[in-house]
Amino acid sequence: MSVGSTGTAASTGANMGPPWASDAQALRRHLEELATPFEEALREYVARAGSEGVANLHDGMAFALGTDIEDPALRGKRIRPLLCLLTAEALGATARRGLPFALAIELMHNFALVHDDIQDGDVMRRGRDAAWVRHGAPHAINIGDYLLVHAFRVLTGPLSAELDAPARLRLIELIGS
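All of these numbers come straight from a predicted model, not from anything done at the bench.

**What to know about a nonpolar patch on the surface**
Thought 1: On the surface, Val-123, Met-124 and Val-133 cluster together into a nonpolar patch covering about 230 Å² of accessible area.
Thought 2: Note that Met-124 resides in strand 3 (residues 124-125).
Thought 3: The class of Met-124 is partly exposed, set by a relative accessible area of 45%.

**As for the packing of aromatic side chains**
Thought 1: This model, assessed by the stated rule, comprises zero aromatic pairs.
Thought 2: Positioned above the aromatic ring of Phe-63, the side-chain terminus of Arg-128 is 3.8 Å from the ring centre.

**Overview of helix 4 (residues 95-120)**
Thought 1: Here helix 4 spans 35 Å end to end across 26 residues, near enough to the 38 Å set by a 1.5 Å rise per residue.
Thought 2: Along its length, helix 4 reaches its greatest deviation from straightness, about 30°, at Phe-101.
Thought 3: Just downstream of helix 4 lies Gly-121, where phi reads positive at about 75°.

**Some remarks on empty space enclosed by the protein**
Thought 1: Following the criterion strictly, the structure yields one cavity of 30 Å³ or more and no others.
Thought 2: What lines the largest cavity is a set of 14 residues, among which Phe-63, Ala-64, Arg-125, Arg-126 and Ala-131 lie closest to the centre.
Thought 3: Contributing elements (two or more residues each) for the lining of the largest cavity: helix 2 (55-65), helix 4 and strand 4 (128-129).
Thought 4: Tallying contributions element by element places helix 4 first for the lining of the largest cavity, with four residues.
Thought 5: Of the residues assigned to the lining of the largest cavity, the class counts are seven nonpolar, two polar and five charged.

**Considering the packing of helix 1 (residues 24-52) against helix 2**
Thought 1: At a minimum axis separation of 9 Å, helix 1 and helix 2 run at an interaxial angle of 165°. Regarding the angle of helix 1 to helix 2, the classification is roughly antiparallel. The hand of the helix 1/helix 2 crossing is right-handed. Counting all contacts with helix 1, which are made through Leu-42, Val-46, Ala-47, Ala-49 and Gly-50, the residues of helix 2 involved are His-58, Met-61, Ala-62 and Leu-65.

**Some words on the confidence of the model for the protein**
Thought 1: Per-chain confidence: the protein averages 88 in pLDDT, with 91% of residues scoring 70 or above.
Thought 2: Within the protein, helix 5 (residues 131-135) carries the highest mean pLDDT (97), whereas strand 1 (residues 2-3) carries the lowest (34).

**Digging into the pattern of salt bridges**
Working definition: two side chains of opposite charge can pair if their charged atoms are close together.
Thought 1: Under the criterion given, the structure shown has ten salt bridges.
Thought 2: Note that Glu-52 and Arg-153 form a salt bridge whose closest N and O atoms lie 3.0 Å from each other. On the criterion of sequence distance, the pair formed by Glu-52 in helix 1 and Arg-153 in helix 6 (residues 137-156) is long-range, its members being 101 residues apart.
Thought 3: By relative accessible area, which is 51% here, Glu-52 ends up exposed.
Thought 4: A relative accessible area of 37% means that Arg-153 is categorised as partly exposed.
Thought 5: Three or more residues joined by partner-sharing salt bridges are found here, namely Glu-39, Arg-75, Arg-78 and Glu-106.

Conventions used here
Each chain carries its own residue numbering, running from 1 in the written order of its sequence. Reporting in this predicted model follows two pLDDT cut-offs: at least 70 for local features of residues, and 80 or more for side-chain atom pairs to be given and counted; totals over whole chains, interfaces and linings ignore these cut-offs and use all residues. Heavy atoms from the whole structure form the basis of all side-chain values; hydrogens and water molecules are not counted. Residues with no salt bridge and a relative accessible area higher than 30% make up the patches, which join like charges within 9 Å and nonpolar side chains (Val, Leu, Ile, Met, Phe, Trp, Tyr) within 5 Å. Note on areas: these come from Shrake-Rupley sampling with a 1.4 Å probe, and a residue is covered only by the protein chains present in the view. Whenever a carboxyl oxygen of Asp or Glu lies within 4 Å of a side-chain nitrogen of Lys or Arg, that contact is scored as a salt bridge. By definition, any uninterrupted DSSP run of H or I lasting at least four residues is a helix, any uninterrupted run of E lasting at least two residues is a strand, and each is numbered from the N terminus. Between buried and exposed lies partly exposed: a residue is buried under 20% and exposed over 50% of the maximum accessible area for its type, with that area taken using a 1.4 Å probe on protein chains only. Put simply, two rings from Phe, Tyr or Trp (the six-membered ring, in Trp's case) pair if the centres are within 6.5 Å, and we call them stacked under 30 degrees between planes, edge-to-face over 60, tilted for the rest. Placement of a charge over a ring requires the Lys NZ or Arg CZ to be within 6 Å of the ring centre, with the centre-to-atom vector within 35 degrees of the ring normal. Residue count minus one, scaled by 1.5 Å, sets the expected span of a helix. The reported bend at a residue is simply the angle between two axes, fitted to the 7 residues ending at it and to the 7 residues beginning with it. Here a cavity means grid points, on a 1 Å grid over the protein atoms only, where a 1.4 Å probe fits yet cannot get out; a pocket means an open set of points with protein on both sides within 12 Å along at least five of seven lines; lining residues are those with an atom within 4 Å of a point. Grid points are joined across faces, edges and corners, and a volume is the space filled by probe spheres set on the points. For this classification, the nonpolar set comprises Ala, Val, Leu, Ile, Met, Phe, Trp, Tyr, Cys and Pro, the charged set comprises Asp, Glu, Lys and Arg, and every other residue, Gly included, is treated as polar. For every element, the axis is a line fit to its C-alpha atoms; helices are fit only across the contacting stretch, and the angle between N-to-C directions ranges from 0 to 180 degrees. Roughly parallel means an angle under 35 degrees; roughly antiparallel, over 145; roughly perpendicular, 65 to 115; everything else is oblique. Helix crossings get a hand from a simple test, with the near helix turned counterclockwise from the far one by less than a right angle marking a left-handed crossing and a clockwise turn marking a right-handed one. Here, residues are in contact when the closest pair of their heavy atoms is within 4.5 Å. The quantity called pLDDT is the predictor's confidence in a given residue, expressed from 0 to 100.

Below, the structure is given as structure tokens:
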């Protein structure tokens, strides 16, 4: 690769990374391709957690994450987990390998949103009542904490089974920092 007079990279036949790395339209399409399996994985995780968890906290978790919303445009952008999946691919792994951390990132982000809405008094989230408006502030605090617990559970559970112990520990440290 060489740099032209305009400061942009010009190809000399060398590998320039994934096709989406230098094409905004390709990146947009690839993000859409990653969004569907991520949403499916998130919904599956929430459903599985619901079968093992506390019913009223699980319902609040699904509500806070927006997994009960059919229209993808209303669920939130999910940019953090999608960037996590893109990063995994850019580093030579598969998006599937990055999925546990992407799920943990989304769970942790929504923990922060639930608590932030309470603190700031924001009454709307994703075009509907914020979790604290729907469930009351004390219960919404518990829902937020439940989301945070699950951010760590994802990294210690079956979804992370293919990761070795040092990798799991490092991801847990990253979530906790």
